[in-house]
Amino acid sequence: MTYKVLYRGPLSSCNYACDYCPFAKTKNTRKELQDDAKKLSRFTNWVGQQDYDFEVLFTPWGEAMIRRHYQDAFGVLSRLGNVKKVCAQTNLSGNLDWLDDVEVKSTALWCTFHPSQVSQGKFLRQCDVLLSKGVSFSVGTVGLKADFDAISRLRNALSKDVYLWVNAYKREEGYYSDADLNFLESIDPNFPINNQRHQSLGQSCRAGKSSFSVDGNGRVQSCHFIKSEIGNIYDKNFFSQLKERKCSNNTCGCHIGYVHLDRLNLYEVYGERVMERIPLAFQK
Ligand code: SF4
Ligand code: SF4
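Residues numbered from 1 in each chain as written. Chains lettered and ligands numbered in written order. Predicted model: local features only at pLDDT ≥ 70, side-chain atom pairs only at ≥ 80, totals over all residues. Heavy atoms only, no water.

**Things to note about the sheet that holds strand S8 (residues 164-167)**
Strands belonging to one sheet form pairs held by backbone hydrogen bonds; the direction of such a pair is parallel or antiparallel.
Right, on to step 1. Taken in spatial order, the nine strands make up an open sheet running S8-S7-S6-S5-S3-S1-S11-S12-S13, and their pairing is mixed. With one partner strand each, in any of the chains shown, S8 and strand S13 (231-232) form the two edges of the open sheet.
Right, on to step 2. Summarising the sheet, strand S12 (residues 219-221) and S13 pair through two bridges and their orientation is antiparallel. Opposite Arg 219, over in S13, you have Asn 232 as the bridge partner. (Pairing = 2+ DSSP bridges. Helix = DSSP H or I, 4+ residues; strand = E, 2+ residues; numbered from the N terminus.)

**Quick word on the site of ligand 1**
Right, on to step 1. The local shell around ligand 1 consists of Cys 14, Tyr 16, Cys 18, Cys 21, Ala 24, Gly 62, Asn 91 and His 114.
Right, on to step 2. Grouping the amino acids of the shell around ligand 1 by side-chain chemistry returns five nonpolar, three polar and no charged. (Near = heavy atom within 4 Å. Nonpolar A, V, L, I, M, F, W, Y, C, P; charged D, E, K, R; others polar.)

**A short note on the pairing of strand S1 (residues 2-8)**
Right, on to step 1. Judged by how many residues are buried, S1 sits mostly within the fold: six of seven residues are covered.
Right, on to step 2. Looking at chain direction, S1 and strand S3 (residues 53-58) are connected through six bridges and run parallel. From the neighbouring strand, Thr 2 faces S3, where its bridge partner is Asp 53. (Buried < 20%, exposed > 50% of the residue type's maximum accessible area, 1.4 Å probe, protein only.)

**Details of the packing of aromatic side chains**
Right, on to step 1. Within this structure, the stated rule accounts for 25 aromatic pairs.
Right, on to step 2. Note on Tyr 175 and Tyr 176: the rings are 4.9 Å apart at their centroids and 70 degrees apart in plane angle, and the pair reads as edge-to-face. Here Tyr 175 matches Tyr 176 in class, with each residue buried.
Right, on to step 3. Taking NZ or CZ as reference, Arg 8 lies 3.7 Å from the ring centre of Trp 61, over its face.
Right, on to step 4. Taking the ring centre of Tyr 234 as reference, the NZ or CZ of Arg 42 above it sits at 3.6 Å. (Phe/Tyr/Trp six-rings, centres within 6.5 Å; stacked < 30°, edge-to-face > 60°. Lys NZ or Arg CZ within 6 Å of the ring centre and 35° of its normal.)

**Describing the pattern of salt bridges**
Note on pairing: side chains with opposite charge can pair once their charged atoms come close.
Right, on to step 1. Counting across every chain of the model gives 13 salt bridges.
Right, on to step 2. The partner of Lys 39 in a salt bridge is Asp 35, and the shortest N-O contact between them spans 3.0 Å. One end of the pair is Lys 39 and the other is Asp 35, both in helix H1 (residues 30-49) and four residues apart, which spans about a single turn.
Right, on to step 3. Note that Lys 105 and Glu 103 form a salt bridge whose closest N and O atoms lie 3.9 Å from each other. (Salt bridge = Lys/Arg side-chain N within 4 Å of Asp/Glu carboxyl O.)

**As for helix H5 (residues 178-187)**
Right, on to step 1. Along H5, the positions that sit buried rather than exposed are Asp 180, Leu 184 and Ile 187. In an axial view of H5, the angular spread of the buried residues amounts to 55 degrees, which keeps them on one side of the axis. Residues of H5 that are exposed and point over 90 degrees away from its buried face: Asp 178, Ala 179, Asn 182 and Ser 186. (Arc of directions from axis to C-beta.)

**Re the environment of Pro 189**
Right, on to step 1. Following the sequence through the fold, Pro 189 ends up in the loop between H5 and helix H6 (191-194).
Right, on to step 2. Note on Pro 189: relative accessible area 47%, which makes it partly exposed.

**Quick notes on the side chain of Gln 89**
Right, on to step 1. On the secondary structure map, Gln 89 appears in strand S5 (residues 83-90).
Right, on to step 2. Contacts of Gln 89, omitting those with residues within four sequence positions, involve Leu 57, Phe 58, Thr 59, Pro 60, Glu 63, Trp 110 and Ile 256. (Contact = heavy atoms within 4.5 Å.)

**Overview of unusual backbone geometry**
Right, on to step 1. At Lys 25, a residue that is not glycine, the phi angle is positive and equals roughly 50 degrees.
Right, on to step 2. If you trace the backbone, Lys 25 turns up in the loop between strand S2 (12-13) and H1.
Right, on to step 3. Of note, Leu 92 is a non-glycine position whose phi angle comes to about 60 degrees, a positive value.
Right, on to step 4. Structurally, the position occupied by Leu 92 is in the loop between S5 and strand S6 (107-112).

**Let's talk about the nonpolar core**
Considering soluble globular proteins, one finds that nonpolar side chains tend to be buried as a cluster.
Right, on to step 1. The biggest cluster of nonpolar side chains holds 64 residues, and the ones touching the most others in it are Phe 43, Phe 58, Leu 109 and Phe 212.
Right, on to step 2. Considering every element that reaches this core, the biggest residue donor is H1, with five residues.
Right, on to step 3. Other than its neighbours up to four places away in sequence, Leu 109 contacts Phe 74, Ala 88, Thr 90, Leu 92, Trp 98, Leu 99, Leu 130, Val 135, Ser 136, Phe 137, Ser 138 and Glu 276.
Right, on to step 4. In this structure, Leu 6, Ala 108, Cys 247 and Tyr 270 belong to the second largest nonpolar core, which totals 23 residues. (Core = buried A, V, L, I, M, F, W, Y, C linked by side-chain atoms within 4.5 Å.)

These values are about where atoms sit, not about what they do.
Structure follows, in structure tokens:
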């Protein structure tokens with residue numbers, strides 16, 4: 001059995017200032033960062049002690065990969081025999097030298113481009129570093145209308161082999177015109193899947209069975225979107241808590257959630273690269 005684990009520790013800070021985001025330019029104190037590092041280290045040790053295989057995705061509140069303790073933990077996890085893959089969501093702003101110490105074949109990144117925060121040239125240079133190191137990655141952005149030109153230029157400048165996903169801006173109903181939808185689908189063929197909230201109540205989902213979310217204290221939820229605790233990884237009988245479940249939310253609207261919803265069959269679209277969001281059509 002390979003478990004897909006979304007790790008989100010207490011870290012909540014970011015070096016960017018996207019105006020739609022609650023973590024914009026937020027800071028953690030040194031004490032908070034030390035606490036976050038301690039919890040991450042405990043999680044990493046736990047993974048290494050298990051008899052099961054894992055894929056791990058860091059989904060922080062903010063930007064984690066500028067922090068040494070996440071870079072080190074990523075390296076440790078990537079070298080563990082029972083970790084098939086370790087991934088992180090990142091704005092790709094930091095120095096990428098830490099990737100010289102990871103096991104590249106089990107490393108992948110989910111890189112988000114924020115046109116209001118970084119020039120396209122700088123972001124693309126970071127992508128080139130990933131390509132030169134042989135690191136698998138997807139690139140994505142939020143489909144804000146103000147960014148359409150930037151999104152178009154990014155698609156033209158990125159290697160054709162790199163998947164560019166677009167997250168729909170869903171806060172305003174009817175935000176997109178038909179022309180907008182056509183444009184975004186021309187950039188990301190899977191945009192229509194993201195541009196909706198999928199009915200999920202009572203439906204079978206891998207979350208809580210073969211996929212789960214864990215916080216810095218080991219507290220486990222089926223996914224980030226259902227807040228009830230289903231166990232704690234640091235309890236001896238933890239794995240017995242994982243079982244077939246039905247979703248208790250009305251809808252599911254994020255890739256990291258709905259990709260596990262059985263009826264959507266999205267494992268057939270992403271194959272082994274569900275976590276880093278690279279569809280089969282873009283896999284080498
Ligand atoms: S980079 Fe991500 S976490 Fe940071 S402010 Fe922008 S959206 Fe928020
Ligand atoms: S469908 Fe979404 S909200 Fe429901 S259990 Fe699965 S991941 Fe969670």
